[in-house]
There are 6 protein chains.
Amino acid sequence: MFFHQKRLINEIPSSDPDPAAANALQEGLGGQFGEMRTMMQYLFQSFNFRGDALQFKDLIQAVAIEEISHVELIATTISQLLDGSPGYKPNGSATPGAGGATPLAMAMSTGNIHHYLVGAQGALPVDSAGNPWSGSYVYNSGNLPLDLLYNLMVEATGRLQKCRIYEMTDNPTARATISYLIVRDHAHQLTFARALEALGVDWGKLFPIPEFDASKYPEVKELMDKGLHLRQHHFRLDDSLLGELFVGPAADGSGDLDLQDEPPKGAPMPLSPERIEEFSPGLSDEMKKMMDELVGAPA
Amino acid sequence: MFFHQKRLINEIPSSDPDPAAANALQEGLGGQFGEMRTMMQYLFQSFNFRGDALQFKDLIQAVAIEEISHVELIATTISQLLDGSPGYKPNGSATPGAGGATPLAMAMSTGNIHHYLVGAQGALPVDSAGNPWSGSYVYNSGNLPLDLLYNLMVEATGRLQKCRIYEMTDNPTARATISYLIVRDHAHQLTFARALEALGVDWGKLFPIPEFDASKYPEVKELMDKGLHLRQHHFRLDDSLLGELFVGPAADGSGDLDLQDEPPKGAPMPLSPERIEEFSPGLSDEMKKMMDELVGAPA
Amino acid sequence: MFFHQKRLINEIPSSDPDPAAANALQEGLGGQFGEMRTMMQYLFQSFNFRGDALQFKDLIQAVAIEEISHVELIATTISQLLDGSPGYKPNGSATPGAGGATPLAMAMSTGNIHHYLVGAQGALPVDSAGNPWSGSYVYNSGNLPLDLLYNLMVEATGRLQKCRIYEMTDNPTARATISYLIVRDHAHQLTFARALEALGVDWGKLFPIPEFDASKYPEVKELMDKGLHLRQHHFRLDDSLLGELFVGPAADGSGDLDLQDEPPKGAPMPLSPERIEEFSPGLSDEMKKMMDELVGAPA
Amino acid sequence: MFFHQKRLINEIPSSDPDPAAANALQEGLGGQFGEMRTMMQYLFQSFNFRGDALQFKDLIQAVAIEEISHVELIATTISQLLDGSPGYKPNGSATPGAGGATPLAMAMSTGNIHHYLVGAQGALPVDSAGNPWSGSYVYNSGNLPLDLLYNLMVEATGRLQKCRIYEMTDNPTARATISYLIVRDHAHQLTFARALEALGVDWGKLFPIPEFDASKYPEVKELMDKGLHLRQHHFRLDDSLLGELFVGPAADGSGDLDLQDEPPKGAPMPLSPERIEEFSPGLSDEMKKMMDELVGAPA
Amino acid sequence: MFFHQKRLINEIPSSDPDPAAANALQEGLGGQFGEMRTMMQYLFQSFNFRGDALQFKDLIQAVAIEEISHVELIATTISQLLDGSPGYKPNGSATPGAGGATPLAMAMSTGNIHHYLVGAQGALPVDSAGNPWSGSYVYNSGNLPLDLLYNLMVEATGRLQKCRIYEMTDNPTARATISYLIVRDHAHQLTFARALEALGVDWGKLFPIPEFDASKYPEVKELMDKGLHLRQHHFRLDDSLLGELFVGPAADGSGDLDLQDEPPKGAPMPLSPERIEEFSPGLSDEMKKMMDELVGAPA
Amino acid sequence: MFFHQKRLINEIPSSDPDPAAANALQEGLGGQFGEMRTMMQYLFQSFNFRGDALQFKDLIQAVAIEEISHVELIATTISQLLDGSPGYKPNGSATPGAGGATPLAMAMSTGNIHHYLVGAQGALPVDSAGNPWSGSYVYNSGNLPLDLLYNLMVEATGRLQKCRIYEMTDNPTARATISYLIVRDHAHQLTFARALEALGVDWGKLFPIPEFDASKYPEVKELMDKGLHLRQHHFRLDDSLLGELFVGPAADGSGDLDLQDEPPKGAPMPLSPERIEEFSPGLSDEMKKMMDELVGAPA
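Residues numbered from 1 in each chain as written. Chains lettered and ligands numbered in written order. Predicted model: local features only at pLDDT ≥ 70, side-chain atom pairs only at ≥ 80, totals over all residues. Heavy atoms only, no water.

Visitor: What's the story with the relation of the copies chain F and chain A in this structure? I'm lost.
Guide: Put simply, the second copy of the chain is the first one after a rotation about an axis and a shift along it. Superposing chain F onto chain A takes a rotation of 120 degrees plus a shift of 0.0 Å along the axis, which leaves an RMSD of 0.0 Å. Each copy turns onto its partner about a three-fold axis. For chain F, the smallest separation between a C-alpha atom and the rotation axis is recorded for N131 of chain F, amounting to 4.4 Å. (Least-squares fit on C-alpha atoms with pLDDT ≥ 70 in both.)

Visitor: Mind showing me how you'd approach the interface of chain F and chain A here?
Guide: Often, the extent of an interface is quoted as the loss of accessible area on bringing the components together. Opposite the 31 residues of chain F that make contact, chain A presents 28 residues. Carbon and sulfur atoms make up 63% of the area that chain F and chain A hide from each other, which totals about 2,300 Å². By the criterion of area lost to chain A, the three top residues of chain F are M108, L117 and F279 of chain F, representing 30% of everything that side buries. Taken together, chain F and chain A are joined by 1 salt bridge. The partner of E278 of chain F in a salt bridge is R164 of chain A, and the shortest N-O contact between them spans 3.1 Å. Across the contact surface, chain F and chain A share 11 residue pairs in polar contact (both at pLDDT 80 or more). Those elements giving two or more residues to the side of chain F that touches chain A turn out to be α4 (114-117) and α9 (285-295) of chain F. (Contact = heavy atoms within 4.5 Å. Buried area = accessible area lost by both parts, 1.4 Å probe. Salt bridge = Lys/Arg side-chain N within 4 Å of Asp/Glu carboxyl O. Polar contact = N/O pair within 3.5 Å; in protein donor to acceptor, adjacent residues only side chain to side chain. Helix = DSSP H or I, 4+ residues; strand = E, 2+ residues; numbered from the N terminus.)

Visitor: Any chance you could explain the pattern of salt bridges here in plain terms?
Guide: Opposite charge on two side chains permits pairing when their charged atoms draw close. A full pass over the atoms with the stated rule returns 90 salt bridges over all chains. We note a salt bridge from K216 of chain F to D213 of chain F, for which the minimum N-O separation is 3.9 Å. Judged by relative accessible area, which is 30%, K216 of chain F ranks as partly exposed. Residues joined by salt bridges that share partners form a network here, namely K6 of chain A together with D58 and D239 of chain B. (Buried < 20%, exposed > 50% of the residue type's maximum accessible area, 1.4 Å probe, protein only.)

Visitor: What exactly am I supposed to notice about the interface of chain F and chain E here?
Guide: Counting residues at the interface gives 90 residues for chain F and 90 residues for chain E. Summing the contributions of chain F and of chain E, the shared interface buries around 7,700 Å²; its carbon and sulfur component is 62%. Inspection of the region where chain F meets chain E yields 6 salt bridges. A salt bridge links D58 of chain E to K6 of chain F; the nearest nitrogen and oxygen atoms lie 2.7 Å apart. Linking chain F with chain E are 41 residue pairs in polar contact (both at pLDDT 80 or more). The set of elements that each furnish at least two residues to the side of chain F that touches chain E consists of β1 (2-4), β2 (7-8), α2 (35-47), α3 (54-82), α5 (144-166), α8 (242-245) and α9 of chain F. The leading source of residues in the side of chain F that touches chain E is α3 of chain F, at 14 residues. Here the side of chain F that touches chain E is built from residues that sort into 48 nonpolar, 26 polar and 16 charged. (Nonpolar A, V, L, I, M, F, W, Y, C, P; charged D, E, K, R; others polar.)

Visitor: Just checking my understanding: could you explain the environment of M287 of chain A for this structure?
Guide: Structurally, the position occupied by M287 of chain A is in helix α9 (residues 285-295). Taking relative accessible area as the criterion, M287 of chain A reaches 1% and is therefore assigned buried. C-alpha of M287 of chain A to C-alpha of L206 of chain A: the two residues are 81 residues apart in sequence and 59 Å apart in space. Beyond its immediate stretch of four places on either side in the chain, M287 of chain A contacts G282 of chain A, P145 and L199 of chain B together with K205 and L206 of chain D.

Next comes the structure, spelled out in structure tokens:
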């Protein structure tokens, strides 16, 4: 059973709208190696888990649960980056295209026109080239060493792609989330690497992938200085066997793995204003009045 | 931020393996109107929510969080139904196809050969005809009345399809989960119907869809007798505004809506044995020994 | 602008339900070389037509319009073949799965379970292997000789596949429609072959494809004896230039092309009964009463 | 059986080429909520219709037939918007890339390069992000109230998306068709809303969706002043029972529903010139001479 | 530049037709982890290779070239297994459905009806559940350690799936090819494992995946006894640097890697007879006569 | 069995990076009518070939083998066009995004962001609109005249699309490969046209498609002056029956078909430098040292 708390797993600083950055981040949400895929892959692996090596099930599921929060984080980030990008200022009549105006004209030269035409300046379950997410991405062979090897590779690809996105934009909203995910994908590489070490592999100097001095990325450095790349939570309301595996020196030699029972404190959830040029939320004054009568004014 | 508890949202009774039923249930998991879709659709709608009518956001998200537990429930059910269906009994040598034997021969005449060839007698993110789940299923227009109307329709289609699955199989494992989801889809119809009532709609006698005497299904009757079709939890670790909307008489005239802060008590998670004819989990004796040395014998 | 008449382009004799035949016919409806594709391909070619050789536009569009009626014919045939295949006889209580019964059990061992789970014993826009129809099937290069060559090939493939379906089933309902379409695909081969003859090609003995003595198929023979493979209507309420091209000896040497202004007389549209095991149409007694009050008893 | 008339259902004014607008309109043609989808969805619903409430069948089919003409209208509009956009002026030699020139260079920075590379400045069966249309869009549950509810939602989404497209471009060719479809989607909302009213629903102030003062769009106002949002034709050459349902006050309170037996008068079909930089139609002088000998000069 | 020799890379013994086995083998041809994918993945990786560590390029390309021959081998095997499965014996008239007969009736209850309806008892580029092969399967990140890790995982999954197919059928034609590919996937695991050893990884006891005593499969044992799991050819007409990496003890401890300059001797290519019930090849007597006049009687 | 030689089938001159041209060329690689499709289509047709008209098998396979080299040629061309397009110059620290720099910023406004985010400035198996290649493109009906007719049409479409690409860019690297493929598609048209002539067709003046004076394209003229459009190799290490069919005057009247046993001499394979902003190849100094110790310095 799953539960939710109204806190983001990491803070999203605000900045100017940036639809190009938003579109690049879609790869990290709905791409073949994005958060929707890791979330679904690890959930399926834990639901279908076989055998009594339940430490591995708990290890996989700990990451799985975290990935749901990553989906929330990156979707919210994309939504924040898109919000307000048309720069529409409603006039008195408050009718978006009144008199034949074109407040959404910019949508035709943006990364993905669907952000404005299908969604309402919000995240979509697609990649940065517009391909919808597919269930065929999910890998769950049922063979544990193989599933772990695949997961390791997925996390390495995730970090690689996010490092590339980092190099595409310096928007601080985008960078905050991307840097956080770079560090968490690093941690997840170490998690799955550790699981395979328990089965006898010695990784030598292979990790992290990609190999480079990530501390040159200022936002990443800040998080690594806090040891975030070595830490793992289990995100459970009950017990977890994760700690039986997630111990000892990390596979990249950067320190000791750090299991924490307490989840991160989290950050407040940003609110998104109405965007009437999108007819969103599209409540008429009359509807709002009815609703107010029913429930009182919103908090 | 999301959290997990090692309890299933409803109990899964055990029974004989039944791959045909498992395949029919795939529609409820990975089909266009299955639980993966409702989960993702409502999550995206809540992540991209606009405006200050936050009762609606909390209403949508309450159902969203529950749907993740439904994905867990139905995936686990499918896994249980598939488990052991080849009827393979390892001989002394414990090598599945030893001497050229064919322990997986039944896979060639089953609903979806991928259950044995790609997965290891476990659930897949596909529908009952084998199509992978697609991100294009997710609907999130950003227009609140429209999103609510669509959600209502999705829940009605979900209940319709699950009633049809009920009529396809009398396997008790399959029926337990299908009946539970019939009743919960009923509840979710009432939830979204209620949200639209708050915006002024009077549904007359339209609900529930499909219209029929569901109490003739014994497993469904048992759950409805407990009022499960009128109840909604918020599945939050903090507060929810759901209660401001989810009050008063249900749209189908069957009673009063029943908001509960406490989630269901849940049921124990079944364990799945190794299936060596699938090389799952595929740990060698040597690997197990290494692991035991590391962590002690598993619980 | 398009119009409709409540007549089928060819008669569908009734017979026993036959879901396997229905599924084979799906290839002719929603397959890569089925009627949805020819319809859409020729419609797009006529909408995007360039240049003043308007005889070719009218030739392509004449076939396009006919294909819409073929979609209607084959969809209705599939619907008729599926109708009643579960053999469900409602008992007094008229609740399909009452007491836990499984009236749709046969759906789990049929060609496409979606015929019962997603649709209500009706045709689907998919092929015989369950793949949904795709817009990528439509070919419209804008180069007229090339479009004609492609159309010719599509019609030849259509006839080939339908001859193969003919050999799969002797169900008279299926055969009536398949045989009609074999003959019409033959006629369309001659139509496009003729258009390319007008551009200078001499086909020798290539047609029809596949080459064989089709008069050995009794149902096909009957239609060919009437000259249906040589005939073309324009299906227009106004004028057509088709006749300027569709004249002279047919490319297969079987006779003279026969342009007819009058469309076929057509056949009555079969009615489909309620199927309550599918909750179709799902009107409650109360709804029916309301409707009767509104409009009087149905005709 | 279907028929055609060489008239467009609404007039398309000519304007300068506008490939960006053309691409936005692709959503209305080949998008998940575009005209190809409504056309196919309603056709399948009418082909598979069950039960004796044939007024509903005729209501659904009336809209279905109209949608084929909408596909023709919007495809032709896109074709007109693309036509001539490369601005190629053939020189004496009339060979497009003669001497190594690049008359199609603009295709590399346009909305969808396929408009020039795969098609010949013509409409494609894809959405505005380039995804091909899919048969999985078609919804036909066989449960009548549910199908009507879904259709209502599709029409509301169609109007929403077209209002957004209206705000993206002020090209008069694009706007004429988009405004017409906004008004017709409005009418279709009222049509399906009315059908559900006959089953007992009272919609309150929900319609039209999206809620706003559409008369601020000048082109839309002109059509609504004529009452086009309240009108429905049956597009049949024989009788229709549509009138038994389509009567009385409209669900949005804007007036009385207006059934008309006579279809719109329609508008002339524009002709598209040769585009030799696309090798379209690609008839050589020799081919034209052969054809002229055969049929005489074209009309 | 690529070249071909009319020899199969391994022998295919003949046996009775076996369409179920043919369908299972489709996973190994057109599945997500089948030979078409490894072929394309390694070809793209070698075409896009960066940097001067050309030993790795040659290593990847050596396997890539071999995979083209594997595609040929498994496609030919599927074709052989399907050939003649309808059991059609042409009568005197040699017209397949003469008199209304149904020689292809078995196609409706086979694994994939497309084998008879779309193809002519031949292999298709689809997986065992009928999904067409997709370019999205190809992984080529450009990061060499990551690409090698992914390739290793693909080969392990390939061997896993082929072991499962082995357990599904004892058809000797199917088994010959499956066993050969089990051994070659084993060899390719060792190849990519070796490449990563050169970068510093020590695999411990991880290989081969899946871990089990494969010598219990008689057909596999025979090939392993010849050392085929340790051997690699470069399949080049010129030089290769593969030997600089492919040396020393294998990662699974089973012996020394064995580089061979000479490719396998190969086996004769089976011929497939005409199948007139499929209209294949569909040459009329007249066409054959024309052809004979042109080229003389076929060899 | 297949073999490879380290020579490109045609030379690729170097030029400045040109990502827009690279993206247009993707249509020729991974598009519905690109080289991957012809390669796969003809390979499947030859693997599944039926009957004893083996000249046709050898004719189809000769083109098939050549197409693998075309895939290599166009993939390498795309890779060359993309290489270096970000213009990144590593600074002393050699960390791509050091200090928060954005060396890949240009990726967000390029044809396909995946060229930089998913690949490392290399070719992808997708078309110019970003759609992944699909197995559903492959046509292999098993009916020989039909397969030949389809192949002819594919080659004509290939030439049409490549002529359009020629008109989009004057980049000399792009043009060299496009012009070569225009001429080879021309030759393949003549090859399949010839095969159908052997079955009795007289093509008149239909070829080549598209019809125009291609000698006005300077790069094409140069190749046609050498007779490359009339030539065919068999690319076999053993014998071929191609010559029995590929003789006599070409179907376009431009000369005599010219069979050559010797393949083209080929051109050297360009090398691609490391791109550290892509972490490609991503070998650390330590890894390089290990490798050097193992194999000595690279050649």
